Number of protein chains: 2
Amino acid sequence: MAVGTASGCPPRLAEAMRYAVFPGGHRIRPRLCLAVAAAHGGGDDRLIAAALSSIEFLHCASLVHDDMPCFDDGELRRGKPSVHVAFGESLALMTGDALIVLAFQSIAGVASSAPQRSAQLLSIVGDAVGVPHGIVAGQAWECEPAVPLKEYQRAKTGALFRAATLAGAAVAGAHDPSWGQLGDVIGSAYQIADDLMDRLGDPALIGKPVGQDDRLDRPSAVREMGVKAATELLRERIEAAVEAVPDCRGKHRLRMMIHYEASRLLNSALSAQRAA
Amino acid sequence: MAVGTASGCPPRLAEAMRYAVFPGGHRIRPRLCLAVAAAHGGGDDRLIAAALSSIEFLHCASLVHDDMPCFDDGELRRGKPSVHVAFGESLALMTGDALIVLAFQSIAGVASSAPQRSAQLLSIVGDAVGVPHGIVAGQAWECEPAVPLKEYQRAKTGALFRAATLAGAAVAGAHDPSWGQLGDVIGSAYQIADDLMDRLGDPALIGKPVGQDDRLDRPSAVREMGVKAATELLRERIEAAVEAVPDCRGKHRLRMMIHYEASRLLNSALSAQRAA
């Protein structure tokens with residue numbers, strides 16, 4: 001189902017949903033999912049499309065709700081006003097809800113024609129966003145008096161990367177749990193890069209506010225160990241991610257892709273350090 | 001999956017999820033779903049449980065988000081403080097999200113063992129809550145400058161009743177679309193009863209604020225045609241619901257159940273009128 005184009009949808013909701021999804025960021029999660037599926041020789045196109053879009057819809061939904069005044073109160077996202085700034089809080093609330101549901105509707109759209117693989121996809125995606133270890137749990141850790149750092153970061157950021165690799169494998173018919181571990185390592189690298197950009201980045205370049213971790217007293221690798229050690233840790237995690245690619249037909253190509261994408265994260269962090 | 005009992009869940013989120021689900025209201029939607037399944041001779045117990053819980057979780061989620069300050073700002077629900085009053089806005093936001101996802105995780109839990117029927121259930125449930133005609137769309141109509149009354153009420157209230165009857169039939173292996181029409185009629189009766197209680201009810205008895213339709217300038221049968229005509233319309237819809245039960249093994253019993261439940265709605269409205 002295309003985002004908010006279905007006839008009969010409240011027009012402002014449809015507009016807000018499109019606004020939340022287009023233009024996107026780097027689409028790093030669906031691209032990772034696609035690369036893993038391709039490394040297994042691919043699979044049914046509609047099923048792959050459902051996996052990619054469900055993962056990206058859930059990511060966009062989490063950004064919309066995370067930006068709301070009762071959470072991070074972020075006014076800028078992907079270089080433009082956040083959904084609640086552009087459309088109001090109540091519509092932002094519904095936009096996030098509608099995108100969460102759209103993720104599952106996307107899977108529903110292919111479930112009858114590929115029931116077994118869709119069932120696995122549904123389970124992977126549900127776990128990535130729900131309780132106890134998905135994004136929603138990760139965001140909810142921010143409402144707790146004590147936050148277990150690793151669990152928090154694994155749920156808030158890692159879970160959807162884990163879903164991306166697992167889903168890419170599942171739609172291609174592979175079920176090796178080591179694909180989940182690859183997603184965990186990539187998610188952890190991404191989280192460190194994000195922590196670095198929150199300290200060092202230029203809002204005009206990264207399209208969202210910086211200094212949020214300090215302002216909101218959030219756990220972060222940079223706050224914990226400083227810029228230098230966090231950068232070193234990022235470098236280590238990138239190597240670990242490249243090493244963690246399990247055996248598959250397109251292993252070499254997938255390792256190159258992960259190395260390329262991860263180096264882009266590292267280079268952004270390094271050039272931000274030079275500019276700072 | 002039991003509500004918020006999984007190990008590793010942020011404890012306050014788990015508590016807020018349980019608070020939003022227990023103790024429940026009349027559980028009218030899952031009871032309707034179960035009655036329709038039973039009227040077809042039943043089906044796989046785990047699949048039926050997934051249908052019932054997914055529908056109730058989505059209903060509870062919609063109440064949590066609907067009560068939030070940016071929406072109805074309702075401070076009382078089921079006779080106790082709303083989730084955002086008891087746990088704060090940010091946790092209420094995540095509680096609603098987590099319950100939406102839990103609805104789909106419940107289906108995921110049975111999808112591998114009953115893939116075809118789960119696929120139908122997933123589709124029914126997704127349509128009931130998502131765009132263009134589900135609850136979220138219904139709530140989002142409240143953010144539009146012009147509200148098509150019938151579409152608004154059908155989406156906001158009717159969609160989950162429609163899902164209840166369709167899901168009850170689907171888990172038992174039946175696919176007659178006239179089950180959806182039965183849900184529509186029941187949903188429409190329920191909406192009128194709700195409008196009447198908003199005008200006439202006692203907050204201490206119904207456990208939520210009244211006068212919301214006037215305060216928030218919401219379309220309502222009572223505001224449109226007055227108490228007397230709305231009561232008459234409710235009576236007609238109840239008759240129509242009883243007549244709309246499609247042929248099935250347990251038709252007589254199901255008609256009796258619908259008549260009994262619907263009469264309870266009507267009696268509440270009538271005694272509220274006498275008390276007013």
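Just so it is clear, the model here is predicted, and its values are computed rather than measured.

**Student:** Can you explain the overall build of chain A? Please cite residues and give values.
**Tutor:** Secondary structure summary: chain A contains 13 helices and two strands in total. Taken over the C-alpha trace, chain A has a radius of gyration of 18 Å; the compact-globule value for 276 residues is 19 Å, and the two agree within 12%. The burial tally for chain A puts 57% of its 276 residues in the buried class. Looking at chain A alone, contacts between residues at least 24 apart form 69% of all its contacts between residues at least 6 apart.

**Student:** Mind laying out the interface of chain B and chain A, listing which residues take part and the relevant values?
**Tutor:** Across the contact, 51 residues belong to chain B and 51 residues belong to chain A. Of all the elements in the fold, those that place two or more residues in the side of chain B that touches chain A are α1 (11-21), α5 (89-111), α6 (115-129) and α7 (135-141) of chain B. Looking at which element gives the most residues to the side of chain B that touches chain A, the answer is α5(B), with 15 residues. Broken down by class, the residue content of the side of chain B that touches chain A amounts to 30 nonpolar, 16 polar and five charged.

**Student:** Break down helix α5 (residues 89-111) of chain A for me, with residues and values.
**Tutor:** In this model, α5(A) (23 residues) spans 33 Å end to end at C-alpha, consistent with the 33 Å of a helix rising 1.5 Å per residue. Here α5(A) lies mainly inside the structure; 22 of its 23 residues are buried.

**Student:** I'd love a proper account of the relation of the copies chain B and chain A, names of residues and values included.
**Tutor:** When chain B is fitted onto chain A, the two copies agree to an RMSD of 0.0 Å after a turn of 180° and an axial shift of 0.0 Å. Here the transformation between the copies is reduced to the relation of a two-fold axis. Closest approach to the rotation axis within chain B is made by the C-alpha atom of B:Pro115, at a distance of 2.6 Å.

**Student:** Before we move on, can you summarise the environment of A:Gly201 with the specific residues and values?
**Tutor:** Residues and elements named next belong to chain A. By the element assignment, Gly201 lies in the loop between α9 (178-200) and α10 (203-206). With 23 C-beta atoms packed within 10 Å, Gly201 lands in the buried category. A sequence separation of 74 residues divides Gly201 from Ala275, and the C-alpha atoms of the two residues are 8.9 Å apart. Look past the residues within four positions of Gly201 in its chain and what remains in contact with it is Ile206, Val210 and Ala272.

**Student:** Report on helix α8 (residues 149-171) of chain A, specifying residues and quantitative values.
**Tutor:** Residue and element names in this part refer to chain A. Between its terminal C-alpha atoms α8 stretches 32 Å, which fits the 33 Å expected from 23 residues at 1.5 Å a residue. The largest bend in α8 is about 55°, located at Gly158. Phi turns positive, to about 90°, at Gly173, one or two residues after α8.

**Student:** Would you mind going over unusual backbone geometry in detail, with residue names and values included?
**Tutor:** A:Pro132 follows A:Val131 through a cis peptide bond whose omega is 5°. Relative to the helices and strands, A:Pro132 is located in the loop between α6 (115-129) and α7 (135-141). Going from B:Phe22 to B:Pro23, the amide bond is cis rather than trans, its omega being -15°. Examined against the element boundaries, B:Pro23 turns out to sit in the loop between α1 and α2 (28-39). Not every positive phi belongs to a glycine, and A:Arg27 is a case in point at roughly 50°. With respect to the element layout, A:Arg27 can be found in the loop between α1 (11-21) and α2 (28-39). Even without being glycine, B:Asp217 reaches a positive phi, approximately 55°.

**Student:** Summarise the nonpolar core; cite the residues concerned and give the values.
**Tutor:** Judged by nonpolar contacts, the single largest core of 194 residues is most densely connected at A:Val125, A:Ala167, B:Val125 and B:Ala167. Setting aside anything within four residues of it in sequence, one finds A:Ala167 in contact with A:Cys33, A:Ala51, A:Ile55, A:Leu121, A:Ile124 and A:Val125.

**Student:** Hey, could you go over the packing of helix α3 (residues 45-66) of chain A against α8(A) for me, with residue numbers and the actual values?
**Tutor:** Residue and element names in this part refer to chain A. One way to put it is that α3 packs onto α8 with a least axis distance of 10 Å and a crossing angle of 170°. Relative to α8, the element α3 is oriented roughly antiparallel. Between α3 and α8, the contacting residues are Leu47, Ile48, Ala51, Ile55, Leu58 and His59 on the first element and Leu160, Ala163, Ala164, Ala167, Gly168 and Val171 on the second. For the contact of α3 with α8, the class distribution of residues is ten nonpolar, two polar and no charged.

**Student:** Can you tell me about the environment of B:Gln273, naming the residues and giving the values?
**Tutor:** Residues and elements named next belong to chain B. Tracing the backbone through its elements, the reader meets Gln273 in helix α13 (residues 251-275). Between the C-alpha atoms of Gln273 and Met94, which are 179 residues apart in sequence, the distance is 38 Å. If we ignore the near neighbours within four places in the chain, the residues touching Gln273 are Leu200 and Val227.

**Student:** Explain the packing of helix α9 (residues 178-200) of chain B against α13(B) residue by residue, including any values.
**Tutor:** Residues and elements named next belong to chain B. Orientation of α9 relative to α13, taken along the N-to-C sense of each, is 20°, at an axis distance of 9 Å. Here α9 lies roughly parallel to α13, going by the angle between them. In the packing of α9 onto α13, the handedness of the crossing is left-handed. Taking contact as the criterion, the partners of Ile186, Ala189, Tyr190, Ala193, Leu196, Met197 and Leu200 in α9 are, on α13, Ile258, Ala262, Leu265, Ser268, Ala269, Ala272 and Gln273. Here the residues of the contact of α9 with α13 sort into twelve nonpolar, two polar and no charged.

**Student:** Describe the environment of A:Gly187, naming the residues involved and giving the relevant values.
**Tutor:** All names here are of chain A. With respect to the element layout, Gly187 can be found in helix α9. Accessibility expressed as a C-beta count within 10 Å gives 27 for Gly187, which makes it buried. Between the C-alpha atom of Gly187 and that of Arg29, which follows or precedes it by 158 residues, the distance is 9.6 Å. Setting aside residues no more than four positions away along its own chain, Gly187 makes contact with Thr157, Gly158, Phe161 and Arg162.

**Student:** Provide a residue-level description of the confidence of the model for chain A, including the pertinent values.
**Tutor:** Low pLDDT means the predicted atomic positions in that stretch should not be read closely. Counting all residues, the mean pLDDT for chain A is 93, and 98% of those residues have values of 70 or more. ipTM for the predicted complex: 0.95, alongside a pTM of 0.95.

Criteria and cut-off values
Residues numbered from 1 in each chain as written. Chains lettered and ligands numbered in written order. Predicted model: local features only at pLDDT ≥ 70, side-chain atom pairs only at ≥ 80, totals over all residues. Helix = DSSP H or I, 4+ residues; strand = E, 2+ residues; numbered from the N terminus. Rg over C-alpha atoms; globule rule 2.2 N^0.38 Å. Buried ≥ 20, exposed ≤ 12 C-beta atoms within 10 Å, placed from the backbone. Contact = placed C-beta atoms within 7 Å. Nonpolar A, V, L, I, M, F, W, Y, C, P; charged D, E, K, R; others polar. Expected span 1.5 Å × (residues − 1). Least-squares fit on C-alpha atoms with pLDDT ≥ 70 in both. Bend = angle between axes of the 7 residues up to and from the residue. Core = buried A, V, L, I, M, F, W, Y, C linked by C-beta atoms within 7 Å. Axes fitted to C-alpha atoms, helices over the stretch in contact; angles between N-to-C directions. Parallel < 35°, antiparallel > 145°, perpendicular 65-115°, else oblique. Left-handed = near helix turned anticlockwise from the far one by under 90°. pLDDT = per-residue confidence, 0-100.

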